[in-house]
Amino acid sequence: MPTDKYEPRPEHKFTFGLWTVGNRGRDPFGDAVRETLPPVEAVRMLAEVGAWGVNFHDNDLVPIDAPPGERDQIVRDFKSACEKNGITVPMATVNLFYDPAFRDGAFTANDAEVRAYAVQKTMRAMELGAELGAKIFVLWGGREGTETDACRRPDEAVKRLREALNYLCEYSESQGYGYRLALEAKPNEPRADIYMPTTGAYLALIATLDRPDLVGVNPEVAHEHMAGLNMTHAVAQAWEMGKLFHIDLNDQLPGRYDQDLRFGSANPRAAFWLVKFHEDVKYDAPRHFDAHAYRTEDYEGVKDFARGCMRTYLILKEKAAQWNADPEIKAIMAGIDEMNSGAPAVGEFNKEQSTALLARNFDRAALAAKKLPYERLDQLTMDILLGVR
Ligand code: GLT
Ligand code: MN
Ligand code: MN
């Protein structure tokens, strides 16, 4: 039994990408500050800090120009490192943003040959992920956007994206991979504008696909916050639609470039509601940290970063349980429930019922006078979060 109650356990399904712990601290103004972390070393490190799983892009593991023999050797070594260290591979993804071939987009590029290459690269990445046991395939279209809308009609981009997704769903099924595709939105960066800017945009696109059952979303805290949105609301809508296939946990200050900060480190209050939602609904998919350590850190600091992501999640999970059990909070929530406990607001529509609703008299003054003690409720939340309750 772990002695530390905030120690990560396999049932928490905490995962990191090779690109997260392997991030070398490069930014647009400065070069790498950490040596390359070989994938096998990353797996060892993740086991050491107590993570459950590792995810990767095709080229995080296999260099884009590796000949087939080298690829197979890399896969064998990685697989045995995962087995030896008890690390799972629940998710794989494809890099459709780094190579200059994708400078005008991948699935949405104007060049049909680029679009075909993007689909081929994804098919190969699917195979790679399947070999290592992945059942979730994330697609982040970082280059699917524009600096100038002169380059193509945006509705054409939507059509191209749909065509690629339909193709890939069929391919995945025909290969028996059993993948669930998780689409990840971001409003901008690296493009000035990305076509699918929010999780809500992807949820709308999914409904228009040939196999909507196979496709869901991978919301990321930083990406929703960059758009000034409420991450928990995006996640809740996806959850309610049965589309929350995966999650990218990190943090982000408003009005900044995509920071990918340690989970909960910028806005612990927003992180609290997000964790509480996951725990309340009993979310059971991987909890992936798509973040990286500060540029100041060496690899010991990267371990501190990774441990910190998981620890903050577990602290907030405990706070969520405390919130749910708090007698004063429960009493306020019971009062709120009370307002909702009588007859349904409108019920099923029928002619008779709608006539009755039209004729009903509402006491607006009485409605406006009902108590909604949200200030007190929020301060109780703050007291819990700040550790004085
Ligand atoms: C990249 C991006 C992330 C995506 C990764 C998956 S790659 O690091 O910033 O948000 O989840 O492609
Ligand atoms: Mn990000
Ligand atoms: Mn992400």
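Bear in mind that the values here come from a model prediction, so they are computed numbers and not experimental data. (Residues numbered from 1 in each chain as written. Chains lettered and ligands numbered in written order. Predicted model: local features only at pLDDT ≥ 70, side-chain atom pairs only at ≥ 80, totals over all residues. Heavy atoms only, no water.)

*Asks:* If you had to explain the nonpolar core to someone new, which residues and values would you point to?
*Replies:* Judged by nonpolar contacts, the single largest core of 95 residues is most densely connected at Phe16, Phe78 and Phe263. Per-element tally for this core: the top contributor is helix H11 (residues 299–325), with 11 residues. In contact with Phe16, not counting residues within four places along its chain, are Val21, Leu46, Ala51, Gly53, Val54, Asn55, His288, Phe289, Phe305, Ala306, Cys309 and Met310. Among the nonpolar cores identified, the runner-up in size contains five residues, and Met91, Ile136, Ala182 and Phe245 belong to it. (Core = buried A, V, L, I, M, F, W, Y, C linked by side-chain atoms within 4.5 Å. Buried < 20%, exposed > 50% of the residue type's maximum accessible area, 1.4 Å probe, protein only. Helix = DSSP H or I, 4+ residues; strand = E, 2+ residues; numbered from the N terminus. Contact = heavy atoms within 4.5 Å.)

*Asks:* For helix H9 (residues 231–240), give the residues involved together with the corresponding values.
*Replies:* Residues of H9 that are buried include every one of Met231, Thr232, Ala234, Val235 and Ala238, and no others. Down the axis, H9 shows its buried residues gathered within 160° of arc, on one side only. For H9, the exposed residues lying more than 90 degrees away from the buried face are His233 and Glu240. Looking at the buried side of H9, the elements it contacts are helix H7 (199–206), strand E8 (215–217), helix H8 (221–226), strand E9 (248–249) and helix H10 (268–280). At the C-terminal side of H9, Gly242 shows a positive phi close to 70°. (Arc of directions from axis to C-beta.)

*Asks:* Tell me about the environment of Ala112, and please be specific about residues and values.
*Replies:* Looking at the element boundaries, Ala112 is found in helix H5 (residues 112–131). Counting along the chain gives 109 residues from Ala112 to Val221, while the straight-line C-alpha distance between them is 33 Å.

*Asks:* I'd like to hear about the coordination of the manganese ion (ligand 2), residue by residue, with values.
*Replies:* Surrounding the manganese ion (ligand 2) are the protein donor atoms Glu220 (OE), His223 (NE2), Asp258 (OD) and Asp260 (OD), which sit 2.1 to 2.6 Å from the metal. Here the donor residues for the manganese ion (ligand 2) map to a single chain with the spacing E-x2-H-x34-D-x1-D. The metal-metal distance between the manganese ion (ligand 2) and the manganese ion (ligand 3) is 4.4 Å, with Glu220 coordinating both. Of this pair, Glu220 sits in the loop between E8 and H8 while Asp258 sits in the loop between E9 and H10, placing them 38 residues apart in sequence. The residues Glu220 and Asp258 share a single accessibility class, namely buried. (Donors = N, O, S within 2.8 Å, 3.2 Å for Na, K, Ca; no water.)

*Asks:* Break down the sheet that holds strand E6 (residues 180–184) for me, with residues and values.
*Replies:* The eight strands are arranged E8-E6-E4-E3-E2-E1-E10-E9 in an open sheet whose pairing can be described as parallel. Looking at which strands have only one partner, the edges of the open sheet turn out to be E8 and E9. By the bridge criterion, two bridges tie E9 to strand E10 (residues 287–289) in an arrangement that is parallel. Each bridged residue has a counterpart across the sheet, and for Asp248 the counterpart in E10 is His288. (Pairing = 2+ DSSP bridges.)

*Asks:* Lay out the coordination of the manganese ion (ligand 3) with the relevant residues and their values.
*Replies:* Bound to the manganese ion (ligand 3) on the protein side are Glu184 (OE), Glu220 (OE), Asp248 (OD) and Asp290 (OD), at distances that span 1.9 to 2.2 Å. Around the manganese ion (ligand 3), the six donor atoms are arranged such that angles at the metal cover 76 to 167°; this shape is classified as octahedral. Here the donor residues for the manganese ion (ligand 3) map to a single chain with the spacing E-x35-E-x27-D-x41-D. (Tetrahedral: all angles 85-135°; square planar, octahedral: opposite > 155°, others 65-115°.)

*Asks:* Go over the site of ligand 1, please, and point to the residues and values.
*Replies:* Residues in contact with ligand 1, as listed here, are Trp19, His57, Thr93, Phe97, Trp140, Glu184, Glu220, His223, Asp248, Asp258 and Asp290. Residue His57 places a side-chain N or O atom 2.7 Å away from an oxygen atom belonging to ligand 1. Measuring from an oxygen atom of ligand 1, one finds a side-chain N or O atom of Glu184 at 2.6 Å. Computed on the free molecule, ligand 1 has an accessible area of 310 Å², of which 91% lies beneath the protein chains in the complex. Among the residues making up the shell around ligand 1, the classes are represented as three nonpolar, three polar and five charged. (Near = heavy atom within 4 Å. Polar contact = N/O pair within 3.5 Å; in protein donor to acceptor, adjacent residues only side chain to side chain. Areas by Shrake-Rupley, 256 points an atom, 1.4 Å probe, with all protein chains shown as cover. Nonpolar A, V, L, I, M, F, W, Y, C, P; charged D, E, K, R; others polar.)

*Asks:* Report on the environment of Ala42, specifying residues and quantitative values.
*Replies:* Structurally, Ala42 is set in helix H2 (residues 39–49). Classification of Ala42 by relative accessible area gives buried; the value is 1%. As for Ala42 and Gly301, which are separated by 259 residues in sequence, their C-alpha atoms are 14 Å apart. Dropping the residues within four chain positions of it, Ala42 is found in contact with Leu18, Val21 and Leu37.

*Asks:* Any chance you could break down the pairing of strand E2 (residues 53–57) for me, citing the residues and the numbers?
*Replies:* Burial analysis of E2 places five of its five residues in the buried class, the great majority of the element. Residues Gly53, Asn55 and His57 of E2 are buried on one face, and the alternating residues Val54 and Phe56, pointing to the opposite face, are buried as well. Both strand E1 (residues 14–17) and E2 contribute to a ladder of three bridges, which runs parallel. Bridge pairing in E2 places Thr15 opposite Gly53.

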